[in-house]
Amino acid sequence: MPPGDAMASACGLRRLTHRLLDVGRTIGFVRLAWTVPCWLVRREFLVTVKDLSGPLPPLARGTNVAWRRLAAAEIPRLLAESPTLTETEVWRRLREGQECWVGWAGDIPAHWRWETSVEAYFPYLHRGVRPLDGDRWIVEVYTHPSRRRRGLYAAATVAAMHRARERGHRRLIGLIAAWNASARRIAERELQRSVIGTVGYWTIGPWRQPLVRGRVRLDDQGRVPLEEDARPHAPVA
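A short tour of the structure in this document, coming up.

Cut-off values and rules
- Residues numbered from 1 in each chain as written.
- Predicted model: local features only at pLDDT ≥ 70, side-chain atom pairs only at ≥ 80, totals over all residues.
- Heavy atoms only, no water.
- Helix = DSSP H or I, 4+ residues; strand = E, 2+ residues; numbered from the N terminus.
- Buried < 20%, exposed > 50% of the residue type's maximum accessible area, 1.4 Å probe, protein only.
- Contact = heavy atoms within 4.5 Å.
- Core = buried A, V, L, I, M, F, W, Y, C linked by side-chain atoms within 4.5 Å.
- Phe/Tyr/Trp six-rings, centres within 6.5 Å; stacked < 30°, edge-to-face > 60°.
- Lys NZ or Arg CZ within 6 Å of the ring centre and 35° of its normal.

**Focus on the side chain of H144**
Turning to its location among the elements, H144 is positioned in the loop between β7 (135-143) and α5 (152-166). We classify H144 as buried; its relative accessible area is 12%. Beyond its immediate stretch of four places on either side in the chain, H144 contacts E81, I108, P109 and A110.

Below is the structure:
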């Protein structure tokens, strides 16, 4: 194996190992043992929608986290504390028009999230997403292990709601892995987001079959838009 391929393979293995440990800490390692085999075959994400025309949860106050859009000079520090990100992927997202918002606790990126209002590629879906007029999509979020269970995910999502409405967006849309029950509880109970469908795929080896339910659809190019009237009034169980 060429040295470059070996290095890429090692980096990929480290990212996979980190993701597995991360999931294990979230759902418990006993549950992880049967979640992983299912996930290897059926990868499904809940699609959540927040209608921004109604009341929004209040912004968090009095935190010791400084929120700002990622600057180029801050990328090395972000990568140093984010095992699942690569420099290539960060720059790809930025070129695509995505925005990265980071909550800094000193020099630690305590929480980061990628958002977009333009067509974007979602690597974990293996397909693009096409936001409709007025849509704001949350691409990916991550909370540093040392800063978890402190409400950062909820606070950052509320800030994203207010930021999106100030820019004239009508819906904030996000994805939650189907196994992540705790994230779903926070989304529905604290953030008043509703599940309106699912998107993902079945996979066995190189074979991959789209998995779409509820008021989610694929366009003729395989991208994911939501129905225009997909409002959070009829959640999917």
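**What about the nonpolar core?**
Grouped burial of nonpolar side chains is what soluble globular proteins tend to show. Ranked by size, the top nonpolar core spans 29 residues in total, and within it V47, W112, F122, W137, L175 and L226 carry the most contacts. Counting only elements with at least two residues in this core, the list comes to β1 (42-51), α3 (75-80), β3 (99-105), β4 (108-116), β5 (120-122), β7, β8 (171-177) and β9 (194-204). Excluding residues within four positions of it along the chain, L175 makes contact with F45, L46, V47, F122, Y124, L125, W137, I138 and V199. Counting 11 residues, the second-largest nonpolar core is a separate cluster that includes L56, V158, A160 and L172.

**What about the packing of aromatic side chains?**
Counted by the stated rule, this structure contains 5 aromatic pairs. Taking the centre distance of 5.1 Å and the plane angle of 45° together, the rings of F45 and Y124 count as tilted. Of the two residues, F45 is situated in strand β1 and Y124 in the loop between β5 and β6 (127-129); the sequence distance between them amounts to 79 residues. When its relative accessible area of 24% is taken as the criterion, Y124 is described as partly exposed. Clustering of aromatic rings is evident, with ring pairs tying together W39, F45, F122, Y124 and W137. Sitting above the plane of the W114 ring, R93 keeps its charged end 5.3 Å from the centroid.

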